[in-house]
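Below, each chain spelled out in residue letters.
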Amino acid sequence: RDRALLLEVFEQNPPALALYTKLGFRPMRRLIGWKREPGPVEGGTGEILTEIDPLDFGRLASREGEKDLPWALQAETLSAATVPARAYSLGGRAYALVADPLAEKITLTALLVPQAHRRQGWGSRLVRALTAAFADRPWSVSPVVPEGLIGDLFPKLGWGGWEISQLEMRLEIGCSDSA
């Protein structure tokens, strides 16, 4: 049985925030995103990206991904990615899911570095390789990433933050055991 309702609301929307707060929703965490304008990329151009099946990315996210993520980053959601989405691997140590690499603006949907390879620079190398491969277009990571989850990876690579953010909010609901 469901015991809580979750929602995401733009932090810059005071009327919606006030409404949800009045209804009993409480902020759980802030969700942020990043963006990058087209242009040359320092490093990353010699890296070899391998395309993988997006479903394999979803399976990997199920095994290696962080737990308790917002719905947009949960393995179940990522496993539903279909064409034109594409997934990439860098040396079998870092993985990315891209909404549509042929779009005018490219969205990096998810980034995953398995536990055994974290804190070794694989995430940075993968982001550099991806942006170098598609340097002629802007990139975006939607504001669905829990603040602090990946540290300052994107700012260190020259990406800017979105002007908007979201709050993930939760409402505890009563549960009756009677049918």
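Treat the numbers as computed from the prediction; the structure is a model and nothing was measured. (Residues numbered from 1 in each chain as written. Predicted model: local features only at pLDDT ≥ 70, side-chain atom pairs only at ≥ 80, totals over all residues. Heavy atoms only, no water.)

## Let's talk about the overall build of the protein chain
Summing up its helical and strand segments, the protein chain has five helices and nine strands in all. Put simply, the protein chain runs from its N terminus to its C terminus through helices and strands in the order β-α-β-β-α-α-β-β-β-α-β-α-β-β. For the C-alpha atoms alone, the extent of the protein chain along its principal axes is close to 60 × 35 × 30 Å. Here the protein chain, with 179 residues, has 39% of them falling under the buried criterion. (Helix = DSSP H or I, 4+ residues; strand = E, 2+ residues; numbered from the N terminus. Buried < 20%, exposed > 50% of the residue type's maximum accessible area, 1.4 Å probe, protein only.)

## A look at the packing of aromatic side chains
Scanning the model with the defined rule gives five aromatic pairs in all. In this structure an aromatic cluster arises from ring pairing among Trp34, Phe134, Trp139, Phe154 and Trp159. In this structure, arginine 125 is placed above the aromatic ring of tryptophan 122, and the distance from its NZ or CZ to the ring centre is 4.1 Å. (Phe/Tyr/Trp six-rings, centres within 6.5 Å; stacked < 30°, edge-to-face > 60°. Lys NZ or Arg CZ within 6 Å of the ring centre and 35° of its normal.)

## Concerning the environment of glutamine 166
Relative to the elements of secondary structure, glutamine 166 occurs in strand 9 (residues 166-172). Exposure remark for glutamine 166: the relative accessible area of 9% places this residue in the buried category. Taking the C-alpha atoms as reference, glutamine 166 lies 23 Å from alanine 61; in sequence the two are 105 residues apart. With residues up to four places along the chain from it excluded, the contact list for glutamine 166 reads Glu8, Val9, Phe10, Glu11, Arg29, Arg30, Leu31, Pro143 and Val144. In this structure the side chain of glutamine 166 is engaged in a polar contact, spanning 2.8 Å, whose partner is the backbone oxygen of proline 143. (Contact = heavy atoms within 4.5 Å. Polar contact = N/O pair within 3.5 Å; in protein donor to acceptor, adjacent residues only side chain to side chain.)

## With respect to the pattern of salt bridges
Oppositely charged side chains may form a pair once their charged atoms are brought near each other. One pass over the full model with this rule turns up 12 salt bridges. For the salt bridge of glutamate 47 with arginine 125, the shortest nitrogen-to-oxygen distance reads 2.7 Å. In this pair, glutamate 47 is assigned in the loop between strand 2 (26-36) and strand 3 (49-52) and arginine 125 in helix 4 (residues 122-133), connecting sequence segments 78 residues apart. Of the residues examined, glutamate 47 reaches a relative accessible area of 26% and is grouped as partly exposed. (Salt bridge = Lys/Arg side-chain N within 4 Å of Asp/Glu carboxyl O.)

## Brief notes about the pairing of strand 7 (residues 139-146)
Among the eight residues that make up strand 7, seven are buried, leaving the element largely enclosed by the rest of the structure. Judged from the five bridges that link them, strand 2 and strand 7 form a sheet pairing that is antiparallel. Among the inter-strand pairings, isoleucine 32 is bridged to a residue of strand 7, identified as valine 145. As judged from the two bridges shared by strand 6 (residues 106-112) and strand 7, these two strands associate in the parallel manner. Across the sheet, isoleucine 106 pairs through a bridge with tryptophan 139, a residue of strand 7. In this fold, strand 6 hands off to helix 4, which returns the chain to strand 7; that crossover is right-handed. (Pairing = 2+ DSSP bridges. Right-handed = clockwise from strand over helix to strand, strands pointing away.)

## Describing the nonpolar core
With 37 residues, the main nonpolar core has Phe57, Leu108, Leu130, Trp139, Phe154 and Trp159 as its most contacted residues. At five residues, strand 5 (residues 94-98) tops the list of elements feeding residues into this core. What leucine 130 contacts, discounting residues up to four positions off in sequence, is Leu49, Tyr88, Ala96, Val98, Leu108 and Trp139. Within the second largest apolar cluster, eight residues are counted, among which are Val9, Leu17, Phe25 and Leu171. (Core = buried A, V, L, I, M, F, W, Y, C linked by side-chain atoms within 4.5 Å.)

## Remarks on the side chain of serine 89
Mapping serine 89 onto the fold places it in strand 4 (residues 86-90). According to the relative accessible area criterion, serine 89 is buried, its value standing at 6%. Among the polar contacts listed, one links the side chain of serine 89 to the backbone nitrogen of glycine 92, at a separation of 3.1 Å.

## Things to note about the side chain of glutamate 168
Mapped onto the secondary structure, glutamate 168 falls in strand 9. There is a polar contact of 2.4 Å between the side chain of glutamate 168 and the side chain of arginine 29. Excluding anything up to four places from it in sequence, glutamate 168 contacts Leu7, Glu8, Arg26, Pro27, Met28, Arg29, Leu31 and Pro70.

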